[in-house]
Amino acid sequence: MSKGRTTLEVGSDGVAIITIINPPVNSLSIDVLYSLKENYEQALNRNDVKAIVVTGAKGKFSGGFDISAFGDVQGGKREQPKVGYISIEVITDTLEGAKKPSVAAIDGLALGGGLEVAMACHARISTKGAQLGLPELQLGVIPGFGGTQRLPRLVGLTKALEMMLLSKPIKAEEANALGLVDALVPQNELISTARRWALDIYECRRPWVRSLYRTDKLEPLGEAREILKFARAQAKKQAANLNHPLVCIDAIEEGIVSGPRTGLWKEANAFQELLFSDTCKSLVHVFFSQRATSKVPGATDLGLVPRKVQKVAIIGGGLMGSGIATALILSNYPVILKEVNEKFLQAGIERIKANLKSRVKKGKMTEEKFERTLSLLTGVLDYEKFKEVDLVIEAVIENVSLKQQIFSELEKYCGPHCVLATNTSTIDLNLIGDKTKSKDRIIGAHFFSPAHIMPLLEIVRTDKTSPQTIVDLLEVGKNIKKTAIVVGNCTGFAVNRMFFPYSQSALLLVDRGMDVYRIDRACTKFGMPMGPFRLADLVGFGVAVATGMQYLEHFPERTYKSMLVPLMLEDKRIGEASKIGFYKYDNKRKASPDAEITKYIQKSREIAGFTPDPALLKLGDKDIVEMVFFPVVNEACRVLAEGIAVKSSDLDIASIFGMGFPPYRGGVMFWADSFGTKYIHSKLEQWTKQYGDFFKPCAYLAERAARGISLSAPINDAKARL
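Keep in mind the model is a prediction, meaning the values are calculated, not measured. (Residues numbered from 1 in each chain as written. Predicted model: local features only at pLDDT ≥ 70, side-chain atom pairs only at ≥ 80, totals over all residues. Heavy atoms only, no water.)

Chemist: What is the right way to read the overall build of the protein from this model?
Modeler: When its secondary structure is counted, the protein shows 30 helices and 19 strands. Taking 2.2 N^0.38 as the reference for a compact globule, 722 residues should give roughly 27 Å; the C-alpha atoms of the protein span a radius of gyration of 29 Å, in line with that estimate. A sequence separation of at least 24 residues applies to 73% of the contacts in the protein between residues at least 6 apart. With the model as given, the accessible surface of the protein reaches about 30,800 Å², and the carbon-plus-sulfur share is 54%. (Helix = DSSP H or I, 4+ residues; strand = E, 2+ residues; numbered from the N terminus. Rg over C-alpha atoms; globule rule 2.2 N^0.38 Å. Contact = heavy atoms within 4.5 Å. Areas by Shrake-Rupley, 256 points an atom, 1.4 Å probe, with all protein chains shown as cover.)

This is the structure:
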């Protein structure tokens with residue numbers, strides 16, 4: 001029995017209702033599309049059918065093409081229909097070209113292929129609040145069922161480009177104002193209104209509009225070409241490494257210049273080509289990996305129901321604490337913020353206010369919503385109110401004895417059900433909870449700065465953390481719109497530990513003769529938001545040295561100790577905060593190279609006893625990226641081998657959402673698999689001989705390379721995990 005289908009019901013009024021059924025979002029699998037064509041043809045051939053209404057079951061029109069089919073087609077597990085069959089034969093010729101009128105009755109969402117089906121109908125009726133959009137570019141493809149041709153003809157070229165290139169859905173109210181939707185109705189009147197509308201078209205009381213051939217919303221050709229030229233320039237600027245946004249613009253232009261039917265064929269052929277591109281494969285991998293992070297063996301597979309967290313307490317109103325509090329109140333959690341004195345408390349509250357005011361300034365929040373959200377925050381100087389809370393997140397400075405003292409206090413004041421979380425980024429959780437009895441409810445809730453903006457939450461469990469505690473925190477993470485990954489307890493946990501070689505390999509290369517700015521340029525060209533040296537400036541040299549000491553203490557055999565940052569610190573260069581670090585900064589925080597750093601680099605090289613290596617100076621961008629990132633891959637392999645991360649795809653998501661690794665490369669492990677374990681292992685071996693044990697491949701990587709196994713393949717036998 002196929003997973004998805006459509007049903008056909010004919011009413012006494014002569015209107016056939018075709019309903020898309022494929023839970024949870026009525027995605028358009030191949031089965032659904034074949035069934036849609038079959039039921040459409042049946043309705044067209046029946047004499048008792050005057051008109052057709054297309055809708056979706058259970059309050060959702062359709063969330064678009066079934067993404068799981070992408071992987072099946074890419075992997076050769078499923079044969080796909082011939083090019084143009086769905087877009088031209090089914091959507092255009094059967095649906096839009098039908099001799100009987102059709103109306104789309106949209107509820108909930110009409111995204112991707114769902115909206116493309118709706119646009120092929122002769123009118124669209126929607127409930128208020130429904131979402132409509134073409135977000136296909138997020139998956140490395142372009143709309144493939146006629147979207148590049150119909151959307152510009154319904155909403156105008158500029159708006160269509162914005163919706164497609166930014167994958168930006170709109171609400172039904174805006175869609176109605178633009179003309180994408182013909183009428184808005186309450187949910188209980190949706191089908192009855194759509195039926196009447198379809199009959200009105202049949203009886204010539206309303207226009208019978210084929211969207212594909214509308215031209216009234218399109219600009220004159222010369223003006224259209226200028227708009228498309230500007231869109232191309234913006235796409236190249238915003239996403240220099242991506243080709244599919246340009247392909248999307250080409251398909252739109254083809255339809256405007258050569259006619260919509262020609263445009264449909266351009267779109268269909270381009271979609272087919274992009275479906276097998278590395279970008280599409282990477283982004284589809286990210287899509288499914290992000291959803292897989294919520295599956296945690298030994299926690300989410302036990303049938304546990306998350307306990308309701310009604311109120312949260314945050315200890316510490318600094319940068320992290322205020323950011324975490326902001327994220328919580330934005331998702332309607334009442335928050336108690338505790339500080340040690342009135343001055344610090346007011347400073348914390350002001351930070352939270354500033355975070356919210358920033359949203360008001362950007363038009364993301366009204367003044368009324370600002371006041372309502374802020375009213376969820378209560379400031380305190382003691383633990384009296386902590387008996388009311390279900391979750392505490394400690395966010396004080398990285399000091400073991402202070403954290404131990406706080407957790408001892410929490411045990412006295414909080415209820416026995418209360419989850420006790422720490423936002424530490426480096427300290428062993430067993431140390432933090434050493435002086436407490438209830439170790440089963442101690443957990444790491446590691447947010448990334450700024451906490452109300454960065455999308456990742458690293459949940460750290462110890463061997464004593466209860467599955468219920470994990471499930472509870474996962475639910476909070478979901479409610480505050482974070483992607484949460486559950487990891488084990490070690491220095492740096494998964495994200496920071498995996499990425500500590502990112503800056504260290506860069507420092508090693510500089511000590512060996514490479515230019516600081518050359519390395520940063522290679523990394524940003526690769527797709528990182530910033531290179532390792534610009535990142536060090538942002539984080540601050542004090543933090544960089546402190547975390548570096550942690551790694552030196554725990555992983556001395558593979559930590560590269562450069563004197564470059566300590567030397568700069570001595571001269572009060574601390575990074576962006578002091579307006580001078582590896583870069584110098586103007587009043588608008590714009591970074592520019594600083595020739596002064598040469599003297600620190602020369603001193604660092606003298607201390608290390610190195611002279612510039614001519615071979616390194618000849619390296620291209622690809623080689624630099626490999627030398628910076630292969631040690632990251634190597635450390636990620638250790639994180640997997642030790643069971644700190646459950647699966648490699650979790651590390652892909654961690655690298656993207658925690659460190660800004662380019663999503664169109666699929667995450668650090670997926671990207672590594674594009675080279676193969678043998679290649680990475682041989683490169684690390686070569687660099688170990690040339691530059692020392694910092695590059696030495698770990699046993700897990702060596703084993704996989706020897707056996708020709710990818711990094712993403714699950715470990716099926718004990719021997720593979722060394």
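Having seen it, we continue.
Chemist: Can you walk me through the environment of Ile432 in this structure?
Modeler: Relative to the helices and strands, Ile432 resides in helix α17 (residues 429-432). Distance in space between the C-alpha atoms of Ile432 and Thr6 is 56 Å, their sequence separation being 426 residues. In this structure, Ile432 is in contact with Lys403, Gln404, Phe407, Thr422, Thr424 and Ile427, ignoring residues within four places of it in sequence.

Chemist: Explain the confidence of the model for the protein to me, please; I cannot follow it from the model alone.
Modeler: Residues shown with low pLDDT carry predicted positions that ought not to be read at fine detail. Averaged over every residue, the pLDDT of the protein is 95; residues scoring 70 or more account for 99%. Counting interchain partners and residues more than four positions distant, the pLDDT-below-50 stretch residues 717-722 has 13 contacts. (pLDDT = per-residue confidence, 0-100.)

Chemist: Teacher, can you tell me more about the packing of aromatic side chains here?
Modeler: The geometry of an aromatic ring pair is captured by two quantities: the separation of the ring centres and the angle between the planes. Per the counting criterion, the structure on display carries 30 aromatic pairs. Ring geometry for Tyr34 against Tyr85: centres 6.1 Å apart, planes inclined by 65°, an arrangement best described as edge-to-face. A residue pair is termed long-range when its members are at least 10 positions apart, and Tyr34 in helix α1 (residues 30-45) and Tyr85 in helix α3 (residues 85-96) qualify at 51 residues. By relative accessible area, Tyr34 is classed as partly exposed at 37%. By relative accessible area, which is 16% here, Tyr85 ends up buried. Pairing Phe630 with Trp671 gives two aromatic rings, centres 5.8 Å apart and planes at 50°, and the pair type is tilted. One end of the pair, Phe630, is in helix α26 (residues 621-641); the other, Trp671, is in helix α28 (residues 668-673), and 41 residues separate them in sequence. The exposure class assigned to Phe630 is buried, which follows from its relative accessible area of 0%. Under the relative-accessibility criterion, Trp671 is labelled buried at 7%. The ring of Phe287 carries the charged tip of Arg291 above its face, separated from the ring centre by 3.6 Å. (Phe/Tyr/Trp six-rings, centres within 6.5 Å; stacked < 30°, edge-to-face > 60°. Buried < 20%, exposed > 50% of the residue type's maximum accessible area, 1.4 Å probe, protein only. Lys NZ or Arg CZ within 6 Å of the ring centre and 35° of its normal.)

Chemist: Can you help me understand the sheet that holds strand β7 (residues 131-133) in this one?
Modeler: Note: strands within a sheet are paired through backbone hydrogen bonds, in either parallel or antiparallel orientation. Strand order in this open sheet of 3 strands is β5-β7-β8, and the pairing throughout is mixed. With partners counted over all chains shown, the strands left at the sheet margins are β5 (109-111) and β8 (170-171), one partner each. In the sheet, β5 pairs with β7 via 3 bridges, with the strands oriented parallel. By the bridge assignment for β7, Leu109 is matched with Gln131. Each of β5 and β7 touches helix α4 (residues 113-120); the most contacted strand, β5, lies at about 95° to it. (Pairing = 2+ DSSP bridges. Axes fitted to C-alpha atoms, helices over the stretch in contact; angles between N-to-C directions.)

Chemist: Can you walk me through helix α11 (residues 260-275) in this structure?
Modeler: Quick reminder: α-helices carry 3.6 residues per turn. Residues three or four places apart thus point the same way. Here α11 contains 16 residues, and its C-alpha end-to-end distance of 22 Å stays within 8% of the 22 Å for a straight helix at 1.5 Å per residue. If you check which residues of α11 are buried, you get Pro260, Gly263, Leu264, Glu267, Ala268, Ala270, Phe271, Leu274 and Leu275. Buried residues in α11 make contact with α2 (68-74), α3, α5 (147-155), α10 (244-258) and α12 (278-292). (Expected span 1.5 Å × (residues − 1).)

Chemist: Mind showing me how you'd approach the sheet that holds strand β15 (residues 442-447) here?
Modeler: The strand order β12-β11-β10-β13-β14-β15-β16-β17 describes an open sheet built from 8 strands, whose pairing is mixed. The open sheet has two edge strands with one neighbour each: β12 (377-380) and β17 (483-487). Looking at each pair of strands side by side, their axes are set apart by 25° on average, direction ignored. In the packing of helix α27 (residues 648-659) onto the sheet, contacts are made with β16 (456-460) and β17, and the angle to β17 comes to roughly 130°.

Chemist: When you look at empty space enclosed by the protein in this model, what are you seeing that I'm missing?
Modeler: Gaps left between atoms are located by rolling a probe of water-molecule size over the structure's atoms. Enumeration over the complete set of coordinates arrives at 2 cavities of 30 Å³ or more. By volume, the largest cavity amounts to about 260 Å³. Lining the largest cavity are 19 residues, with Gln80, Pro81, Ile86, Phe145 and Phe271 positioned closest to its centre. Those elements giving two or more residues to the lining of the largest cavity turn out to be α2, α3 and α11. The element contributing the most residues to the lining of the largest cavity is α11, with 4 residues. Taken together, the residues that form the lining of the largest cavity break down as 13 nonpolar, 5 polar and 1 charged. Its boundaries defined by the atoms lining it, the second largest cavity holds a volume of some 40 Å³. Every residue along the wall of the second largest cavity is listed here: Phe500, Pro501, Arg558, Pro631, Asn634, Glu635, Arg638 and Phe694. Mapped by element, the contributors of at least two residues to the lining of the second largest cavity are α19 (495-511) and α26. By residue number, the principal contributor to the lining of the second largest cavity is α26, which donates 4 residues. By residue class, the composition of the lining of the second largest cavity is 4 nonpolar, 1 polar and 3 charged. (1 Å grid on protein atoms, 1.4 Å probe; cavity = no way out; pocket = protein on both sides within 12 Å on 5 of 7 lines; lining within 4 Å. Points joined across faces, edges and corners; volume = space filled by probe spheres on them. Nonpolar A, V, L, I, M, F, W, Y, C, P; charged D, E, K, R; others polar.)

Chemist: Mind showing me how you'd approach the pairing of strand β3 (residues 51-56) here?
Modeler: Two faces make up the sheet, and in a regular strand the side chains alternate between them. The buried fraction of β3 amounts to 6 of the 6 residues, a majority that puts the element mostly inside the structure. Of the two faces of β3, the one holding Ala51, Val53 and Thr55 and the one holding Ile52, Val54 and Gly56 are both buried throughout. The sheet contact formed by strand β2 (residues 15-21) and β3 spans 6 bridges and is parallel. By the bridge assignment for β3, Ile20 is matched with Gly56. Bridge count for β3 against strand β4 (residues 102-106) is 4 bridges, and the pairing is parallel. Looking at the pairing, Thr55 lines up with Ala105 of β4.

Chemist: I keep staring at the pattern of salt bridges and nothing clicks. Help me out?
Modeler: Opposite charge on two side chains makes pairing possible when the charged atoms of those side chains draw close. Overall, the coordinates contain 39 salt bridges when judged by the stated rule. The partner of Arg195 in a salt bridge is Asp13, with the nearest N and O atoms 2.9 Å apart. Of the two residues, Arg195 is situated in helix α8 (residues 190-202) and Asp13 in the loop between β1 (5-10) and β2; the sequence distance between them amounts to 182 residues. A salt bridge links Glu576 to Arg534; its shortest N-O distance comes to 2.9 Å. Of this pair, Glu576 sits in the loop between α23 (564-570) and β18 (583-585) while Arg534 sits in helix α21 (residues 532-539); the two residues are 42 residues apart in sequence, bridging distant segments of the chain. The exposure class of Glu576 is buried, given its relative accessible area of 10%. You can call Arg534 buried: its relative accessible area is 16%. The structure contains a network of salt bridges with shared partners spanning Arg497, Glu557, Arg558, Glu635, Arg638 and Glu642. (Salt bridge = Lys/Arg side-chain N within 4 Å of Asp/Glu carboxyl O.)

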